[in-house]
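Chain by chain, the residues run as shown.
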Amino acid sequence: MQLAERLGVAVVEAMAAGLPVIVSNQVGIHGDVLKAHAGLVVECDVQQLGSALTELVCNASLRAAMGANAAALARQFAPGISTASLVTEYARVTRQSYNPR
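Within every chain, residues take consecutive numbers counted from 1 along the sequence as written. Reporting in this predicted model follows two pLDDT cut-offs: at least 70 for local features of residues, and 80 or more for side-chain atom pairs to be given and counted; totals over whole chains, interfaces and linings ignore these cut-offs and use all residues. Side-chain numbers come from the whole structure's heavy atoms, not from hydrogens or water.

### So, the packing of helix 3 (residues 46-58) against helix 4 (residues 60-75)
Move 1: For the pair helix 3 and helix 4, interaxial distance at closest approach is 5 Å and the crossing angle is 100°. Relative to helix 4, the element helix 3 is oriented roughly perpendicular. Contact with helix 3, carried on its side by Glu55, Leu56, Val57 and Cys58, involves Ala60, Leu62, Arg63 and Met66 of helix 4 and no other residues of that element.
Move 2: In terms of residue class, the contact of helix 3 with helix 4 is made up of six nonpolar, no polar and two charged. Lines fitted to the C-alpha atoms define the axes, with helices restricted to the stretch that makes contact. Angles between their N-to-C directions range from 0 to 180 degrees. Helix numbers and strand numbers start at the N terminus; a helix is a DSSP run of H or I with at least 4 residues, a strand a run of E with at least 2. Note on angle classes: values under 35 degrees are labelled roughly parallel, values over 145 roughly antiparallel, values of 65 to 115 roughly perpendicular, and the remainder oblique. Contacts are assigned to residue pairs that have any heavy atoms within 4.5 Å of one another. In this classification, Asp, Glu, Lys and Arg are treated as charged, Ala, Val, Leu, Ile, Met, Phe, Trp, Tyr, Cys and Pro as nonpolar, and every other residue, Gly included, as polar.

Structural data, given as structure tokens:
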């Protein structure tokens, strides 16, 4: 379980491997994980973590569905896509135009 990290590189790596993830609501991409149904988000609480682990261990269809969603979400964080998004955002913020190759 990732407790707190701005992006959550380990989380993205796990999702890229097709694994559902359990993250705390302190990890920067917890909202993306929830929206994509790519895993479970818990507070930094041992009982919530235990419940989330039990839920994934005991529910194979949930694991499979969330794992597939996780792999799809991880593709959004691929270096080329992330870089293009970052450059586009910088261009928007600085009011400069961006012309991708």
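### Some thoughts on the packing of helix 1 (residues 9-16) against helix 4
Move 1: Running from N to C, helix 1 and helix 4 point in directions that differ by 120°, and their axes come no closer than 7 Å. When the interaxial angle is binned, helix 1 and helix 4 end up oblique. Helix 4 is crossed by helix 1, and the crossing has left-handed handedness. Across the interface between the two elements, Val12, Met15 and Ala16 of helix 1 pack against Ala70, Ala71, Leu73 and Ala74 of helix 4.
Move 2: Partitioning the contact of helix 1 with helix 4 into residue classes produces seven nonpolar, no polar and no charged. The hand of a helix crossing depends on one turn: near helix anticlockwise from the far one by less than a right angle means left-handed, and clockwise means right-handed.

### Focus on the environment of Val12
Move 1: Position of Val12 among the secondary structure elements: in helix 1.
Move 2: Note: C-alpha distance between Val12 and Ala78 (66 residues apart in sequence) is 9.3 Å.
Move 3: What Val12 contacts, discounting residues up to four positions off in sequence, is Ile29, Ala74 and Phe77.

### Section: helix 1
Move 1: Whether a residue is buried, partly exposed or exposed follows from its accessible area with a 1.4 Å probe, protein chains only, as a fraction of its type maximum: under 20%, in between, or over 50%, in that order. Those residues of helix 1 that fall on the buried side of the exposure criterion are Val11, Val12 and Met15. What you see down the axis of helix 1 is that its buried residues fit within an arc of 95°, all on one side. Looking at helix 1, the residues exposed on the side facing more than 90 degrees away from the buried face are Glu13 and Ala16.
Move 2: Contacts from the buried residues of helix 1 go to strand 1 (21-24), helix 2 (30-36) and helix 4.
Move 3: Following helix 1 by one or two positions, Gly18 adopts a phi angle in the positive range, close to 80°. Within this analysis, the arc is defined by the directions that extend from the helix axis to the C-beta atoms.

In short, the description is geometric, and any link to function would need to be established separately.
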